[in-house]
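# Structural overview for review
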Amino acid sequence: QKAFIVKNDMLLMIRKSKHEKPNPLRWDLPGGRMDFGEEIDNSLKREIFEEVGINAHVGKPYYLKQWYVTRHVNGTNEPLEMQIVCVFRACSAMETQLTNENSTETEQIELIEWIPIDNILELDIMPALVDVIKEFIQDFKNKKIDFPE
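Everything in this summary refers to the structure shown in the same document. (Residues numbered from 1 in each chain as written. Predicted model: local features only at pLDDT ≥ 70, side-chain atom pairs only at ≥ 80, totals over all residues. Heavy atoms only, no water.)

### Some remarks on the state of the cysteines
For clarity, the cut-off: By convention in this document, the label disulfide applies to cysteine sulfur atom pairs within 2.5 Å. With a 1.4 Å probe rolled over the protein chains alone, any residue whose accessible area is under 20% of its type maximum counts as buried; one over 50% counts as exposed, and the rest are partly exposed.
Within this structure, the stated rule accounts for zero disulfides. With no disulfide of its own, Cys 86 has Cys 91 as its nearest cysteine by sulfur position, at a separation of 11 Å. Residue Cys 86 is classed as buried on the basis of its relative accessible area of 4%.

### Observations regarding the nonpolar core
We apply this condition: Nonpolar core, defined: a set of buried Ala, Val, Leu, Ile, Met, Phe, Trp, Tyr and Cys residues in which side-chain atoms within 4.5 Å join the residues together. In DSSP terms, a helix is any run of H or I states spanning at least four residues, a strand is any run of E spanning at least two, and both are numbered starting from the N terminus. Note on contacts: a residue pair qualifies if any of its non-hydrogen atoms lie within 4.5 Å across the two residues.
Among the nonpolar cores identified, the biggest contains 25 residues, and Phe 4, Leu 11, Met 13, Ile 120, Ile 133 and Phe 136 are the most heavily contacted of them. Every element with two or more residues in this core is listed here: strand E1 (2–7), strand E2 (10–16), strand E4 (56–72), strand E5 (79–93) and helix H2 (130–141). Looking at this core element by element, the count peaks at five residues for H2. The residues contacting Met 13, other than those within four sequence positions of it, are Trp 27, Asp 28, Leu 29, Leu 111, Ile 112, Glu 113, Ile 115, Ile 120, Leu 123 and Ile 133. Grouped together as the second largest cluster of nonpolar side chains are 15 residues, Ala 3, Ile 5, Ile 54 and Ile 112 included.

### Quick word on the pattern of salt bridges
The condition is simple: Any Lys or Arg side-chain nitrogen found within 4 Å of a carboxyl oxygen on Asp or Glu counts as a salt bridge.
Inspection of every chain in the model, using the stated rule, returns eleven salt bridges. Residue Asp 41 pairs with Arg 89 through a salt bridge whose shortest N-O separation is 2.7 Å. Taken together, the positions of Asp 41 in helix H1 (residues 40–52) and Arg 89 in strand E5 put the pair 48 residues apart, joining distant regions of the chain. Residue classification places Asp 41 among the partly exposed positions, given a relative accessible area of 35%. Look at Arg 89 and you get buried, because its relative accessible area is 6%.

This is the structure:
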């Protein structure tokens, strides 16, 4: 799951570190994979807290997207084809002070920033997210997004 969190016409974005594979130094939205047995809402709340250090209200699904990736099994050259299904959700921050102090060892985040909506598309965004973010920006400007309270 990924979170669209907006404050004062700025979108919360994270930039992956240079060690992140396969998208080093690319911008992403907060969020990540569910742990087995985890509740859907709690999963996204946990990911947001781990990655950016804030609590958030999680809203309804905004967008559903799938894409395909090839990974290598346990560092070997054996390819593993994966299908990713991602739910994008509009969320509301309960606070705005950002930190990555809660990050786990697997999180590879270099920057956490509130980026003005009008500047988002100037960033080097993860390719799988570009079309979703473009649509979000348009819907946000047209006030078509319901953020939870």
